[in-house]
There are 4 protein chains.
Amino acid sequence: MASLTAEARGVFVISVTPFREDGSLDLDSLDRVTDFYLEAGADGLTILGMMGEAPKLTQAESLLVIDRVIARAQGKPVVVGVSAPGLAALAELGQEAMARGAAGVMVAPPMSLRTDAQILTYYRQACGFLGADVPVVLQDFPLATTVQISDDLLGRLIDDLPQIVMLKHEDWPGLAKISRLRAAEAKGRRRISVLCGNGGVFLPEEVARGADGAMTGFGFPEMLVQVTELASKGEMDRAQDLFDAYLPLVRYEQQPGVGLAVRKHVLAKRGAIACDAQRQPGAVLDPLARAEVDRLLDRQTKRLKELG
Amino acid sequence: MASLTAEARGVFVISVTPFREDGSLDLDSLDRVTDFYLEAGADGLTILGMMGEAPKLTQAESLLVIDRVIARAQGKPVVVGVSAPGLAALAELGQEAMARGAAGVMVAPPMSLRTDAQILTYYRQACGFLGADVPVVLQDFPLATTVQISDDLLGRLIDDLPQIVMLKHEDWPGLAKISRLRAAEAKGRRRISVLCGNGGVFLPEEVARGADGAMTGFGFPEMLVQVTELASKGEMDRAQDLFDAYLPLVRYEQQPGVGLAVRKHVLAKRGAIACDAQRQPGAVLDPLARAEVDRLLDRQTKRLKELG
Amino acid sequence: MASLTAEARGVFVISVTPFREDGSLDLDSLDRVTDFYLEAGADGLTILGMMGEAPKLTQAESLLVIDRVIARAQGKPVVVGVSAPGLAALAELGQEAMARGAAGVMVAPPMSLRTDAQILTYYRQACGFLGADVPVVLQDFPLATTVQISDDLLGRLIDDLPQIVMLKHEDWPGLAKISRLRAAEAKGRRRISVLCGNGGVFLPEEVARGADGAMTGFGFPEMLVQVTELASKGEMDRAQDLFDAYLPLVRYEQQPGVGLAVRKHVLAKRGAIACDAQRQPGAVLDPLARAEVDRLLDRQTKRLKELG
Amino acid sequence: MASLTAEARGVFVISVTPFREDGSLDLDSLDRVTDFYLEAGADGLTILGMMGEAPKLTQAESLLVIDRVIARAQGKPVVVGVSAPGLAALAELGQEAMARGAAGVMVAPPMSLRTDAQILTYYRQACGFLGADVPVVLQDFPLATTVQISDDLLGRLIDDLPQIVMLKHEDWPGLAKISRLRAAEAKGRRRISVLCGNGGVFLPEEVARGADGAMTGFGFPEMLVQVTELASKGEMDRAQDLFDAYLPLVRYEQQPGVGLAVRKHVLAKRGAIACDAQRQPGAVLDPLARAEVDRLLDRQTKRLKELG
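Summarised in this report is the structure supplied together with it. (Residues numbered from 1 in each chain as written. Chains lettered and ligands numbered in written order. Predicted model: local features only at pLDDT ≥ 70, side-chain atom pairs only at ≥ 80, totals over all residues. Heavy atoms only, no water.)

1. Some points on the interface of chain D and chain B
The criterion, for reference: Residue contacts follow a heavy-atom distance rule, with two residues in contact if any of their heavy atoms lie within 4.5 Å. In short, buried area is how much 1.4 Å probe accessible area vanishes from two parts on joining, totalled over both. Salt bridges are counted wherever a side-chain nitrogen of Lys or Arg sits within 4 Å of a carboxyl oxygen of Asp or Glu. Counting of polar contacts relies on pairs of N or O atoms within 3.5 Å, with two restrictions inside protein: one atom must be capable of donating a hydrogen and the other of accepting it, and residues adjacent in sequence are counted only when both atoms are side-chain atoms. Numbering of helices and strands runs from the N terminus, with a helix taken as a DSSP run of H or I at least four residues long and a strand as a DSSP run of E at least two residues long. For this classification, the nonpolar set comprises Ala, Val, Leu, Ile, Met, Phe, Trp, Tyr, Cys and Pro, the charged set comprises Asp, Glu, Lys and Arg, and every other residue, Gly included, is treated as polar.
Counting from both sides, the interface comprises eleven residues of chain D and, opposite them, eleven residues of chain B. Summing the contributions of chain D and of chain B, the shared interface buries around 810 Å²; its carbon and sulfur component is 48%. It is R114, T115 and Q148 of chain D that lose the most area in chain D upon contact with chain B, and together they represent 57% of the buried surface on that side. On inspection of chain D and its partner chain B, the count reaches zero salt bridges. Counting across the interface, chain D meets chain B through three residue pairs in polar contact (both at pLDDT 80 or more). Secondary-structure elements contributing two or more residues to the side of chain D that touches chain B are helix 4 (116-130) and helix 6 (151-160) of chain D. Examining the composition of the side of chain D that touches chain B, we find that three residues originate from one element, helix 4 of chain D, more than from any other. For the side of chain D that touches chain B, a count of residues per class yields two nonpolar, five polar and four charged.

See the structure below:
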């Protein structure tokens with residue numbers, strides 16, 4: 001499989017990891033959801049991310065998931081989340097993933113980092129442990145990590161570490177950050193790929209400001225694909241019409257914790273996975289929430305019909 | 001003015017504090033925006049909250065704002081934010097506010113608190129400093145304060161401190177928390193008023209789950225009023241139709257930091273305040289963001305017309 | 001009174017604020033403890049710091065303390081802690097303090113700051129609000145504030161803001177930071193005064209590495225004075241002999257929270273204040289802790305006699 | 001090897017992990033330092049703790065270290081640190097360690113936990129994943145984890161989870177917490193073993209208040225053994241005399257980050273390990289710090305001679 005480069009664009013869906021009711025890995029569903037994402041138009045996949053329940057997998061299971069998804073991905077690039085507090089574990093999984101055909105790895109900063117200098121040092125070390133030939137996606141997600149990366153620091157990371165080829169952008173608020181990044185590149189800084197997270201809740205504006213697409217999950221990944229396409233072509237009204245139809249659900253699915261339960265419920269309902277169970281520990285969708293989601297789904301179907 | 005009680009319901013708008021371009025307090029605009037909120041159907045007002053730029057006011061200015069809004073509020077209840085790291089400053093402002101006719105005070109926990117025991121102790125002390133006759137709104141906003149209040153702790157606070165009459169609910173995710181609070185009350189716990197924050201981004205579901213309304217700000221406070229009314233009467237589809245029309249802007253205005261700039265821009269555009277300036281330090285709306293907001297406003301107007 | 005400059009050196013004692021058992025300010029004891037500090041050899045005083053229970057004072061009481069200490073300080077420089085989350089309150093108190101004769105103000109960063117850029121912006125704004133003629137002591141105390149200031153950022157703050165004349169150094173570990181600061185100055189950066197905090201627990205090494213003295217509190221401020229003097233003259237063995245005799249108590253008094261109770265207990269025992277009470281909320285010394293402190297005091301007396 | 005029980009007492013030394021200059025594991029030095037600890041009088045060992053550079057080891061290396069130390073420990077109990085953000089990884093290592101003869105495992109709470117309910121749930125899940133027959137040491141170290149465990153929560157953890165047999169106590173301030181724990185046990189709560197950390201900086205007082213000893217590291221582990229023994233027998237003056245002689249170094253070695261460099265420097269100097277290198281990333285002892293430590297070592301030798 002080709003390595004991830006700074007030219008990557010489109011939608012890399014953050015894949016769920018399907019489990020059976022008893023908590024065991026459901027590899028058939030993993031195949032099915034991989035197909036489902038690709039049929040929705042995904043340009044790549046990202047596995048073992050936060051929403052992939054990675055910390056609940058043993059090392060052996062992680063390798064199983066990597067192998068299975070890469071084999072099924074029809075040559076599309078697969079990015080593997082390898083964030084870990086220890087650099088040895090991070091490098092071990094990262095190198096293993098690359099050896100098995102991953103296109104690159106994704107690294108979020110550990111919660112203990114504070115100063116710009118600490119963050120810079122951490123990424124230098126992580127890149128050093130991984131090896132210079134491993135493409136890295138920098139996950140910038142302060143809401144989850146508590147680590148804040150300023151424009152200035154982001155620039156130093158890009159300057160110092162050529163193997164960082166992509167930003168998974170989910171700072172919030174983050175629109176101006178994209179514009180400032182692209183402005184710095186216009187003045188000569190190396191261009192990197194920017195794919196946006198946060199469930200796509202600002203996707204039309206993000207693409208209009210220069211993002212290359214999305215790297216996130218959603219029960220309707222086709223929305224991410226279509227909105228990215230339309231907004232990339234400057235068809236902002238059509239992009240936003242479509243986006244708005246999904247927004248009530250995007251908003252609901254973006255809730256931390258319970259959001260994954262919503263996503264798996266939707267995917268199961270759509271037949272993409274057999275069962276919406278999460279491995280313990282995981283949030284459960286209470287009956288009221290399930291009814292709220294189902295109400296939003298009905299309204300969404302109706303609204304999409306109105307749009308034609 | 002009557003004191004705030006646990007029976008309070010409807011919409012308490014979190015008021016902005018208007019400034020002139022030069023950073024001086026604009027008291028005429030404060031009158032105007034007070035009228036604007038009441039004309040939109042507000043049942044009460046909340047001033048000197050986080051979105052009211054309270055920490056940028058001197059003590060003398062704070063008292064000026066309190067007097068001006070209470071005088072203009074046509075007898076509607078005015079809640080005053082008094083959060084401060086020091087209990088002496090908190091009590092000083094709180095007692096002063098009550099003496100000038102406030103209906104109650106709002107207290108968010110300081111960022112330094114961690115354990116349930118620390119949080120409980122803090123509210124006991126704050127209530128002790130304020131005096132038992134001062135009605136307190138507990139602001140539960142972990143995203144801003146980093147302080148997390150569990151169901152269990154919330155119950156202990158309500159049991160221990162009868163002067164806590166209202167929860168400003170902005171935990172996220174927070175829908176199940178409302179349901180669990182109401183369930184505990186159904187089993188005998190003292191009922192308190194629950195008004196929701198977070199820019200109203202879950203308002204239809206929150207009211208359906210038993211919230212009494214909203215305590216938040218938005219450039220179109222009439223939406224908060226109408227959605228609360230419709231959802232309270234069980235007209236969920238009409239509530240949600242209306243809500244969905246505003247949701248793209250709600251989402252945009254809910255961004256931390258830049259959100260207040262959006263709100264003031266909208267309020268200035270609608271004539272509710274003379275100038276959208278924030279006192280320093282404050283976020284500024286770059287031209288791109290301004291264009292994004294204006295695009296959303298146009299789409300919103302169009303969508304509202306479609307709905308009739 | 002002369003303004004604080006970057007040439008300041010010696011020991012600025014962080015003063016306690018004495019209260020009576022009923023929680024009222026004890027101004028006679030404030031006079032007495034001021035005399036006590038000066039008799040111990042203090043070169044200056046710092047009031048309304050974290051250990052001065054500043055957040056428990058009303059604004060009026062803060063001004064009372066400022067006036068009283070400045071009047072009693074025999075012309076020695078008095079630094080006033082003005083840290084506050086809101087810049088308006090910070091500037092209000094700071095300007096008032098300067099007008100009443102303070103030598104400078106001390107500003108710790110609020111807990112909400114994270115990135116280098118945020119911290120730099122905050123100090124620029126704080127200095128702007130205070131006015132360029134107000135000398136500022138930068139309090140670098142990550143253990144209490146959670147804000148970490150790297151060498152690089154410290155250099156930018158010093159370069160950008162000439163009114164920062166002193167570092168209250170209490171990063172931990174922090175010895176190498178002093179050496180790196182002095183090394184940067186040797187290469188041409190503006191020299192600032194460095195006074196060390198943390199109860200003096202590394203004072204001999206800190207002075208040997210180039211610190212100008214201490215700005216901290218301790219029940220035996222004469223130790224801070226003597227150790228600073230001896231270490232400044234290079235008499236490291238005598239400095240350390242003396243220091244070691246006090247170290248068991250330094251260690252005990254350095255505990256967060258309960259440390260202030262220890263300090264007030266010692267000061268009351270030595271007659272420097274009438275009563276060891278803290279205003280609520282405050283830690284209380286349980287009988288076991290009191291016995292532990294008294295045991296350490298006895299051992300300390302004995303050890304000092306041995307040293308002669 | 002016998003399983004760890006709530007009756008455990010004495011000193012469990014937190015073992016360093018020795019590396020060669022090139023960063024490779026030095027298993028001969030691991031044998032040597034194991035012998036060194038046991039000769040110093042250790043009652044047990046704890047490996048793969050924070051100060052054992054555990055996050056820098058691959059999974060295979062961790063198992064190597066476990067096997068080697070258990071084989072060398074002459075039947076003394078070996079506790080294995082298994083803290084990890086993911087429960088699957090935690091349980092995988094924990095069960096592997098037990099199968100290889102560990103006496104128990106140590107679990108610190110992940111930084112993301114905040115409320116009492118979250119912490120309780122986490123330990124329930126961790127214990128569930130490990131299995132009820134695995135003895136657990138609860139590491140209570142807020143300075144490193146940011147997670148604060150109140151007396152009340154500690155009681156609930158002990159009540160709910162019988163497999164928690166030991167508290168590694170390093171809350172700070174923490175003396176009163178020990179007293180309150182023992183008081184609760186005197187009223188009927190199940191007694192657990194309490195071994196203290198924090199480099200032993202409060203060891204005399206901790207043992208006097210009811211701690212069963214120490215679980216920490218120090219370049220002179222014989223001090224931990226002797227002070228625990230003397231203080232257990234009530235010989236507080238002799239305990240403290242000895243302790244005070246080592247305190248200047250204890251203080252120096254207790255610094256976060258650089259402390260491990262100091263410890264390895266001392267251990268290498270004493271011949272317990274061949275090389276003081278840390279695997280990257282690790283703090284390095286600059287020449288000034290090395291000189292400071294050597295000065296403290298000379299003074300310590302002299303002072304110990306004076307004591308006879």
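2. A few points about the relation of the copies chain D and chain B
This is how it is decided: When the copies are superposed, the least-squares fit takes in the C-alpha atoms of residues with a pLDDT of at least 70 in both.
With an RMSD of 0.0 Å, chain D superimposes on chain B once it is rotated by 180° and translated 0.0 Å along the axis. Accordingly, the operation relating the two chain copies is best matched by a two-fold axis.

3. Observations concerning the sheet that holds strand 8 (residues 213-216) of chain B
Residue and element names in this part refer to chain B. Convention followed: Two strands are counted as paired when DSSP detects at least two bridges linking them. Note on geometry: axes are lines fitted to C-alpha atoms, helical ones only across the stretch in contact, with angles between N-to-C directions running from 0 to 180 degrees.
Ordered by their spatial adjacency, eight strands build a closed barrel running 1-2-3-4-5-6-7-8, and the pairing between neighbours is parallel. When strand polarity is set aside, the average angle formed by the axes of neighbouring strands in this sheet is 25°. Two elements, strand 3 (residues 78-81) and strand 4 (residues 104-107), share three bridges in a ladder whose sense is parallel. Paired with V80 across the bridge in strand 4 is V105.

4. Some thoughts on the relation of the copies chain A and chain B
Both copies of the chain are related through a single rotation about an axis accompanied by a shift along the same axis. When chain A is brought onto chain B, the operation consists of a screw motion whose angular component is 180° and whose axial shift is 0.0 Å, with 0.0 Å RMSD remaining. When the interface residues of chain A are mapped onto chain B, 100% of them again lie at the interface, so the same face is used by both copies.

5. Things to note about the interface of chain A and chain B
Chain A puts 34 residues into the contact, and the matching count from chain B is 34 residues. Sorting the residues of chain A by area buried against chain B places W172, R251 and R299 of chain A first, and these three jointly supply 23% of that buried surface. Across the contact surface, chain A and chain B share 14 salt bridges. Linking chain A with chain B are 14 residue pairs in polar contact (both at pLDDT 80 or more). Elements represented by at least two residues in the side of chain A that touches chain B include exactly helix 7 (175-186), helix 10 (236-253) and helix 12 (287-307) of chain A. Grouping the amino acids of the side of chain A that touches chain B by side-chain chemistry returns 17 nonpolar, five polar and twelve charged.

6. Digging into the packing of helix 10 (residues 236-253) of chain B against helix 11 (residues 258-269) of chain B
All names here are of chain B. Cut-off, in case you're wondering: Geometric relationships in this document are graded by angle, where less than 35 degrees denotes roughly parallel, more than 145 denotes roughly antiparallel, 65 to 115 denotes roughly perpendicular, and other angles denote oblique.
Relative orientation of the contacting elements helix 10 and helix 11 amounts to 130°, with a least axis distance of 8 Å. Classified by the interaxial angle, the pair formed by helix 10 and helix 11 is oblique. Across from L249, Y252 and E253 in helix 10, the residues of helix 11 making contact are G259, V262 and R263. Residue composition of the contact of helix 10 with helix 11, by class: three nonpolar, one polar and two charged.

7. Re helix 1 (residues 27-39) of chain B
All names here are of chain B. Quick note on the threshold: Multiply 1.5 Å by the residue count of a helix minus one, and that product is the helix's expected span. Three exposure classes are used, based on accessible area relative to the maximum for each residue type with a 1.4 Å probe and protein chains only: buried under 20%, partly exposed in between, and exposed over 50%.
With 13 residues, helix 1 ought to run about 18 Å at 1.5 Å a step, and its terminal C-alpha atoms sit 18 Å apart, in line with that. For helix 1, every residue scored as buried is listed here: L27, S29, L30, D31, V33, T34, D35, F36, Y37 and L38. The inward-facing, buried residues of helix 1 contact strand 1 (10-14), strand 2 (44-47), helix 2 (59-72), helix 9 (221-232) and helix 11. Where helix 1 starts, the residue carrying a side-chain oxygen 3.3 Å from the main-chain nitrogen of D28 turns out to be D26. Immediately downstream of helix 1, the backbone of G41 shows phi near 105°, a positive value.

8. A few points about the sheet that holds strand 3 (residues 78-81) of chain A
Residue and element names in this part refer to chain A. What the eight strands build is a closed barrel, ordered 1-2-3-4-5-6-7-8; its pairing is parallel. Each adjacent strand pair in this sheet contributes to an overall mean axis angle of 25°, direction not counted. Pairing geometry for strand 1 (residues 10-14) and strand 8 (residues 213-216), over four bridges, is parallel. The partner of V11 across the bridge, within strand 8, is A214. Strands strand 2 (44-47) and strand 3 of the sheet are contacted by helix 2 (residues 59-72), whose axis makes an angle of about 170° with strand 2. Each of strand 1 and strand 8 is contacted by helix 9 (residues 221-232), which is oriented at about 160° to strand 1, the strand it contacts most.

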